2 protein chains.
Amino acid sequence: MNCTEVTHLLHAEGKRITGERRVLLRIITDNPHLDAAEIYQLARKEATKLSLSTVYRTVKLLKELGLVQLSDLGKGHHHYELDLKEHYHFICLGCGKVVEIPPISAFQELAEKRGFEIIGAKVQLVGYCTKCCKKRARGTMVRFAML
Amino acid sequence: MNCTEVTHLLHAEGKRITGERRVLLRIITDNPHLDAAEIYQLARKEATKLSLSTVYRTVKLLKELGLVQLSDLGKGHHHYELDLKEHYHFICLGCGKVVEIPPISAFQELAEKRGFEIIGAKVQLVGYCTKCCKKRARGTMVRFAML
DNA sequence: CTCGATGCAAAGTGTTTGCAGTACG
DNA sequence: CGTACTGCAAACACTTTGCATCGAG
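About the criteria used
Residues numbered from 1 in each chain as written. Chains lettered and ligands numbered in written order. Predicted model: local features only at pLDDT ≥ 70, side-chain atom pairs only at ≥ 80, totals over all residues. Heavy atoms only, no water. Core = buried A, V, L, I, M, F, W, Y, C linked by side-chain atoms within 4.5 Å. Buried < 20%, exposed > 50% of the residue type's maximum accessible area, 1.4 Å probe, protein only. Helix = DSSP H or I, 4+ residues; strand = E, 2+ residues; numbered from the N terminus. Expected span 1.5 Å × (residues − 1). Near = heavy atom within 4 Å. Polar contact = N/O pair within 3.5 Å; in protein donor to acceptor, adjacent residues only side chain to side chain.

1. Focus on the nonpolar core
- Judged by nonpolar contacts, the single largest core of 31 residues is most densely connected at A:Phe90, A:Phe107, A:Leu125, B:Phe90, B:Phe107 and B:Leu125.
- Contributing elements (two or more residues each) for this core: strand E4 (86-92), helix H5 (107-114), strand E6 (117-128) and helix H6 (130-138) of chain A together with strand E4 (86-92), helix H5 (107-114) and strand E6 (117-128) of chain B.

Laid out in structure tokens, this is it:
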């Protein structure tokens, strides 16, 4: 789902394509994991008068149309991701980095066995990235085995 | 990780085991996906004077010790889940039901290949459950193919 | 032109914190 | 008995809403 497609869908839904929306849609389709404040910050560079309300209203609209999904990657507030087709993330507990990982194909069998219909998959692996693994190996012990 | 184990760990960390914490720990270890308000509501049945602050403080404590994980199952606010070892959820877009599904084993290879260390996995499949699939089959068309 | 979209400020949520009193260890 | 924990209320951060105005269709 790219910017143009989203715009077409909005239009098809009878929504108006305003300057603000054009800017917001491009930013949201270009960037995978932004929160409202980050979208606002980027948008203000192009549409200087744009308000935070409009960011929220646009994001809410996209959410209602099923084009965007809320996610909380452990940062305590919402991030927005374009559509819910597939999201495979590895989140590093050491540095907080979020890395995209390739999809895993084992889900469809499960759905068939259970009579579910799977629309999207969201996988979050949590752990330590290569760099933080090394850092931890040399560093002090962690509190518990599980941390 | 059960209630007793969590209590032991708290104690080992030099934390005090108060009446409030006993109640909260039991509720949190017994229930997989509660939010702060729900924990509070349940806890008030046993500890009538317990405050919402204490719920938040306890949950925060558990989070800092790595015993509980925040998650946003698309409801717009935080739910708390005991530890981050493994969480496999199927979320129904029709009725909002959250179903536990069995773990998938394909992650470890990935980690080895990339030099990651995986501590926990959180998988959210999104779609329609058996009941809602049938309902949809008879019902009206949805807005877009993707919804 | 008309009605949906916007900016602004004010109101709502959910969460955190300061402080004085309480009770665990 | 000291100090970590608690309840309460006030502060805070993020999100939503009411209203007058603007502008896409």
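2. Describing helix H2 (residues 19-30) of chain B
- Over its 12 residues, H2(B) runs 17 Å from end to end, which matches the ideal 16 Å to within 8%, given 1.5 Å per residue.
- Residues of H2(B) that are buried: B:Val23, B:Leu24, B:Leu25, B:Ile27, B:Ile28 and B:Thr29.

3. Observations concerning the protein's contact with DNA strand C
- If you check the shell around DNA strand C, you find 19 residues, and the closest are A:Leu50, A:Thr54, A:Arg57, B:Ile17 and B:Tyr56.
- Between DNA strand C and A:Glu20, the relevant distance is 3.4 Å, taken from a sugar or linking oxygen to a side-chain nitrogen or oxygen of the residue.
- At 3.2 Å from a phosphate oxygen of DNA strand C is found a main-chain nitrogen or oxygen belonging to A:Lys49.
- Put simply, the parts of the chain that give the surface near DNA strand C at least two residues each are helix H2 (19-30) and helix H4 (52-64) of chain A together with helix H4 (52-64) of chain B.
- With four residues, the top contributor of residues to the surface near DNA strand C is H4(B).

4. As for the environment of B:His89
All names here are of chain B.
- Note on placement: His89 falls in strand E4.
- Judged by its relative accessible area of 0%, His89 falls in the buried class.
- Between the C-alpha atoms of His89 and Ile101, which are 12 residues apart in sequence, the distance is 5.7 Å.

Any functional reading would require information beyond the geometric quantities listed.
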